Amino acid sequence: MFSTKLEGYGCRLASFVQKASCLCIPLSSLSFEASLRACVEQCEKTGCIMQRCFPACEFSSNALSSNGSWYMHEPLYLQWKQWDCLSDCRYYCMIDREIERAALGEAPVKYHGKWPFTRVFGVQEPVSVAVSVLNLAMHFQGWLSFIILLWYKLPQKLDKTSYYEYTTLWHIYALLSMNSWFWSAVFHSRDVDLTEKLDYSSAVALLGFSLLLAIIRSFNIRIEATRVMIAAPLLAFVMTHILYLNFYQMDYGWNMQVCVTMAVLQLLIWAVWAGVSNHPSKWKLWTVVIGGGLAMLLEIYDFPPYKGYADAHALWHATTVPLTCLWWSFIRSDAKYRTSQLLKKTK
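Every value quoted in this text rests on a predicted model; they were computed, and no experiment measured them.

1. Describing helix α8 (residues 282–300)
Inference 1: An ideal rise of 1.5 Å per residue puts 27 Å on 19 residues; α8 measures up with 27 Å between its terminal C-alpha atoms.
Inference 2: For α8, the complete set of buried residues consists of K284, L285, V288, V289, G292, A295 and M296. All buried residues of α8 lie within an arc of 145 degrees about the axis, which places them on one face of the element.
Inference 3: Residues of α8 that are buried make contact with α7 (252–276) and α9 (312–346).

So, in structure tokens, the structure goes:
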């Protein structure tokens, strides 16, 4: 996430010591990976890359020491500076490296699992942030319209509860969705270990619960004991995977396999159910399933960001905005349909 002519490279990707002296490393003697690592490590210690220093990496007047990075000597409540400082160091070292790669005619590569993006007002991935916020807003609007439908438009039982048996599940789904898109926006704004783990964990939790919801609704499971028997192993797997990512290893490849598998399974379940069901709004479900399947290809077949702003992941986020609107429309239609079916039976 994280200028320069290659001729006379003399001092590129070296770092400033005490903001003045330059450590000179010939390009031929270091691989790009090693030079990037050296650049970031030196920047963390000095707060500068060549003549360029960063406000977030200003030295503390009482923290000068030859051991470790400067911010580790700050009081605990000031160690948040590490986020901005490390992020700036990684970003500008990455930018220098990409300029050098472009000069050699080489294609962009990923850094820390992500493509190199152009920052806008300090935001690392502005397009992804914008569409993540838009997705969050669409889920909130959809959830709100669902609540209004249940409370004010559809008939209720004598105890003022809804006839719709899946109400609680959709409420949980809405909260998990908004939580996931919130952390997606935060993560794409500033990529640090904490925001990365929160984003990945919330996405896995949402996918796991969405799969559970697809199973329960498609098979029309209304008995609580049966729901628990189905939910227990699935939620146990999801929690184990989240703990694995957070406390053992952030394995991007394995996480992608898990997420794609859960996403494909729920799309297949919804597709089969739409094919055999007489639901009056199944065309909405078909549209979401087909659109979601096509959008998933953007996650699988990745490509670098266009002009440094929009990559395949950002476009995937954008495609989910209209699909989210249609999805909540289907949920409302399902609530109306199931309520009418149950009222007919009671009469």
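2. Quick word on the nonpolar core
Inference 1: With 51 residues, the main nonpolar core has F146, W170, Y173, W270, L285 and W327 as its most contacted residues.
Inference 2: At the level of secondary structure, the elements contributing two or more residues to this core comprise α3 (126–153), α4 (167–189), α5 (193–218), α6 (224–247), α7, α8 and α9.
Inference 3: Beyond its immediate stretch of four places on either side in the chain, W327 contacts W170, Y173, W270, L285 and V288.

3. What about unusual backbone geometry?
Most peptide bonds adopt trans geometry, and most residues besides glycine take a negative phi value.
Inference 1: Phi is positive for K160, which is not a glycine, with a value near 65 degrees.
Inference 2: Considering the arrangement of structural elements, one finds K160 in the loop between α3 and α4.
Inference 3: Phi angles above zero are rare outside glycine, and N220 is one such case at about 55 degrees.
Inference 4: Within the secondary structure, N220 is located in the loop between α5 and α6.
Inference 5: A residue is classified by how much of its surface remains accessible, and N220, at 26% relative accessible area, is partly exposed.

4. What to know about the packing of aromatic side chains
Inference 1: Evaluated as defined, the whole model comprises 18 aromatic pairs.
Inference 2: Taken together, a centroid distance of 6.1 Å and an interplanar angle of 90 degrees make the contact between F187 and Y200 edge-to-face. Remark: Y200 occurs in helix α5 and F187 occurs in helix α4; sequence separation between them is 13 residues.
Inference 3: When its relative accessible area of 3% is taken as the criterion, F187 is described as buried.

5. Looking at the pattern of salt bridges
Inference 1: By the definition in use, this model includes 7 salt bridges.
Inference 2: Between D96 and R52 there is a salt bridge whose closest N-O contact spans 3.4 Å. Remark: R52 occurs in strand β4 (residues 52–53) and D96 occurs in helix α2 (residues 81–103); sequence separation between them is 44 residues.
Inference 3: Among the ionic pairs, E106 bridges to R101, the shortest N-O distance being 3.0 Å.

6. Some details on the environment of V288
Inference 1: Counting through the fold element by element, V288 comes out in helix α8.
Inference 2: Taking the relative accessible area as the measure of exposure, V288 reaches 13% and is therefore buried.
Inference 3: Taking the C-alpha atoms as reference points, V288 and A271, separated by 17 residues in sequence, lie 9.5 Å from one another.
Inference 4: With sequence-adjacent residues up to four places away left out, V288 is seen in contact with L323, L326 and W327.

7. Re the UniProt feature "transmembrane region" (unreviewed entry) in the protein chain
Inference 1: UniProt annotation of "transmembrane region" (unreviewed entry) refers to residues 129–151, 163–186, 198–216, 228–248, 254–276, 283–301 and 313–331 when read in the numbering used here.
Inference 2: With 100% helix and 0% strand, residues 129–151 has its two end C-alpha atoms placed 33 Å apart.
Inference 3: What you have in residues 228–248 is 95% helix and 0% strand, and the ends, taken at the C-alpha atoms, are 28 Å apart.

Conventions we followed
Position numbers for residues count from 1 along each chain, tracking the sequence in the order it is written. Predicted model: local features are reported for residues with pLDDT of at least 70 only, side-chain atom pairs are reported and counted for 80 or more only, and whole-chain, interface and lining totals are derived from all residues. As a convention, hydrogens and water are excluded, and side-chain values are obtained from all of the structure's heavy atoms. The helix and strand labels rest on DSSP assignments: H or I over at least four residues marks a helix, E over at least two residues marks a strand, and numbering proceeds from the N terminus. What a helix is expected to span follows from its residue count: subtract one and scale by 1.5 Å. Exposure classes here rest on a 1.4 Å probe applied to the protein chains alone. A residue is buried below 20% of its type maximum, exposed above 50%, and partly exposed in between. Comment: arc refers to directions from the helix axis out to C-beta atoms. Note on contacts: a residue pair is in contact if any heavy atoms of the two residues lie within 4.5 Å. As used in this record, nonpolar core signifies buried Ala, Val, Leu, Ile, Met, Phe, Trp, Tyr and Cys residues forming a set joined through side-chain atoms within 4.5 Å. Under the pairing criterion, centres of Phe, Tyr and Trp rings, with the six-membered ring standing for Trp, must be within 6.5 Å; the plane angle then separates stacked pairs below 30 degrees from edge-to-face pairs above 60, leaving the rest tilted. Whenever Lys or Arg places a side-chain nitrogen within 4 Å of a carboxyl oxygen from Asp or Glu, that contact is recorded as a salt bridge. UniProt positions are given in the numbering used here, feature names are shortened, and annotations may be inferred rather than shown by experiment.

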